[in-house]
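Inside the fold
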Amino acid sequence: MKSTLRARLALALVLFTPFAFGASRSIQPFDADWLFLEGDTPSADDPMLDDVNWEQVNLPHDWSILQPARKTEPSGRGGGYRATGVSWYRKRFALPEADENRRVFVEFDGVMADSQVWINGHPVGGRASGYVSFRVELTGFLKWGEDETNILAVRTDTSVQPDSRWYSGQGIYRHVRLVLTDPVQIAPGGLFVTTPEIAADHATAQIHTSVYNGSDHARDLAVSVQIFDPAGQPVGTATATTQAVGIGATVDFTASVAVPAPQRWDVGQGQLYRAVATVNEAGQALDDVATTFGIRDLRFESATGFWINGHNVKIKGVALHHAAGAFGAAVPLDVWRRRLVQLQSLGVNAIRTAHNPPDPGFLDLCDQLGLLVMDEFFDAWTVGKPSAEQGSNRFFLAWGHRDERDTLRRDRNHPSIILWSVGNEIHDTPNAPLAKRILAGLVGIVHEEDPTRPVTQALFRPNTSHDYDNGLADMLDVIGTNYRDHELLAAWQEDPTRKIIGTEQRQDLDTWLAARDNAPHAGQFLWVGIDYLGEADWPNLNSVSGLLDRTGRIKPQGYQRQSWWSDTPMVYIVRDEPGLPPVSRRDRSPRLVPNWTPVDPESYQQASLTVYSNCDEVELFLNDTSLGAQPKPADDSPRTWDASYAPGTLRAVGRNGGQEVASCVLRTAGPPARLIAEVDQTTLSPGWESVATITVRAVDAQGVPTPWADDLVSVKIDGPGKTVAIDNGNRTDNASFQGHARKLHQGECVAFVRPTADHGTVTITASAPGLESASIMLTAARP
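Residues numbered from 1 in each chain as written. Predicted model: local features only at pLDDT ≥ 70, side-chain atom pairs only at ≥ 80, totals over all residues. Heavy atoms only, no water.

The next subject is the packing of aromatic side chains. Here a ring pair, both rings aromatic, is described through the centre-centre distance and the interplanar angle of the planes. Here the structure, examined in full by the defined rule, presents 21 aromatic pairs. Their ring planes at 15° and their centres at 3.7 Å tell us that Tyr559 and Tyr572 sit as a pair that is stacked. Placement of the pair is Tyr559 in helix H9 (residues 556-565) and Tyr572 in strand S30 (residues 571-576), with a sequence separation of 13 residues. Among the residues examined, Tyr572 registers a relative accessible area of 14% and is labelled buried. Cluster of aromatic residues (ring-pair linked, three or more members): Phe377, Phe378, Trp381, Phe396 and Trp420. When the ring centre of Trp54 is taken as origin, the NZ or CZ atom of Arg90, which lies over that ring, is 5.4 Å away. (Phe/Tyr/Trp six-rings, centres within 6.5 Å; stacked < 30°, edge-to-face > 60°. Helix = DSSP H or I, 4+ residues; strand = E, 2+ residues; numbered from the N terminus. Buried < 20%, exposed > 50% of the residue type's maximum accessible area, 1.4 Å probe, protein only. Lys NZ or Arg CZ within 6 Å of the ring centre and 35° of its normal.)

If you want it as structure tokens, here you go:
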């Protein structure tokens, strides 16, 4: 509803929402009840502006994904042909007079982009980058009391295009918080936990706390620290020595806490401790900050690659862009959690945040799931790139160091992070003097802010720009290179003291073997883990290089990767389907599909069959007749068979030591007869992060999936829930992600449902003309 009445109602809700303010730091979620306007207006920061024609929204909010893709959009192939431009957000709120002597900040996890912020008509800050978190201070421009209204206004601008690789999203697309502190406070990102000593029976947590004195007189301050174990039990305390802190000064405090019998954070094991630092003066608490951290040791070795907790581990990583299909850039954590767990099931143990700082909640998930992370800062320095000619290169010299430093301070307590990347395929490197000068500054900032982790860079054609032999590569702690793994190995052979890693790789077997068969090669990050919007030529809307499609469904190439990367026995059958077009203009390989239902059975005579498996032996059967057994090739190549097509059942059996440990069955499908539905979780709490994924499939009368069904499926919700997005993974389907219907693609579509209350039953019904409908139930429950 776009009306002044609704705006006044939103104001009333904010005014009467109680704030849980106490003596020390207070943090209030600030996502609800904003007003949004697409387009520019010269008076949007005017506190007296009428709100007519503004739309009420809650954050996070990506307004671009709500609109259809258009070939004429200036974002072009890089931005997925989605809308860009100027937008405004406004929020009314009140503050109690009791807190008038406190300092007030608003923290933005991400605003896309070139943001400017006003409070009550006064400019208070902003950020050029849309990926970097930032905060602004409102103190000095606020009105206090329940009868007084404050107006926060935010302008975003992405009208200069093309500006990002790849789809960036628009607006305030991550979370926002209101933070109140004492004038004496722990500085932003000022709590840093390291674990310099780790043994089986004990560890030492060293807590570094930067305290800022924003009061009008010098203070004698102390910092006390308490550590809690992964179960939430206190395990130790310490107090740093009292220090005098002058007016406007920032002073660092250090305290050490002994941790008995440490529970290690490790790959697949997200053991998280919690540290709470409290600033005290004469026994009175003035400010406190908490952070999670992990106890683990890691290192890169030139001869043997990556080590964590005394174990040599090959990094099996994927690059991920920050958006997620139908959600655009505003991605609930339940959606990310499902996708990350899917990737882990394929053997993935590491994520590269390509090519910009991610949502901090995404890093929390990686911490919890035990995923290693390469956190990347920049896709460009001073030189732009195709599909992003007007990107961060426009403001790198003005903002680069601050963006890097703020991101380091935000992220450095995440145990998942094992590497900092200061750039991806940087086009400055042909100008070696300039590039080396910039790189020295970026590496120096990392070493200053976080001496515990190494720095890398995803080098771009290093032999062409001579990065290996002009000294640039050796400025990095770990040399990263995109795609040219054999050149990277050659660089190591030239200097075996170098530590090396593949920072972006193709998905072919030869690339995997370059890492698998060379101990110095620490591992690789595939391009890419999940299909993403952008990097596609119209009418295609997204890339196709992912192990998962944009709905989170595992693709055949994902199962191939599982056969190389996973230790869990698996077997998976695909076959050629000559009637399908290539997946991209560069791809001329046969289309491989995981079904035994040809598009045209009459003309499909000879089948080329491929089986992905990590088992010692695989035997293939067609209608219970063996087509032969094959041992596992030493080079991990897939096993292949040729067979005359016959409808029925295709079955692969995987054996280890002569015992069946895995199997895969494909059956020929008849015409679609009904829909079936599956859900990834059945109980959800209300909230923006809570989303259930409902997968709808068409099957024949015997329940066999019908892979070529493209029926239009409608989704109806009964009870306290709503459909927040719907998708099918079809890169040429430009239907709205926000509707209640979607055509099946390869026999499937996916609906994303969120509860709207804290109790009750939600019934989701999927229907299509001529097919039997399917229903599934969710339970909404209090958190």
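In the predicted model, the protein chain carries a mean pLDDT of 94, and the fraction of residues at 70 or more is 96%. Of the regions scoring below 50 in pLDDT, residues 1-22 engages in 41 contacts with residues more than four places distant in sequence or in other chains. (pLDDT = per-residue confidence, 0-100. Contact = heavy atoms within 4.5 Å.)

Attention now goes to the pairing of S30. For S30, the tally of buried residues reaches 6 of 6 residues, placing the bulk of the element in the interior. The alternating pattern of S30 places Val571, Ile573 and Arg575 and Tyr572, Val574 and Asp576 on opposite faces, both of which are buried. Note that S30 and strand S32 (residues 606-613) share 5 bridges and pair antiparallel. Looking across to S32, one finds that Val571 is bridged to Ser613. Here 2 bridges tie S30 to strand S31 (residues 592-593), and the two strands are oriented antiparallel to one another. Across the sheet, the residue bridging to Arg575 is Val593, located in S31. (Pairing = 2+ DSSP bridges.)

On to the sheet that holds strand S21 (residues 311-312). Across the sheet, which stays open at both edges, the 3 strands sit in the order S19-S20-S21 with antiparallel pairing between neighbours. With one partner strand each, in any of the chains shown, strand S19 (298-301) and S21 form the two edges of the open sheet. Direction of pairing for strand S20 (residues 305-308) relative to S21: antiparallel, over a ladder of 2 bridges. Its bridge partner being in S21, Ile308 is matched across the sheet by His311.

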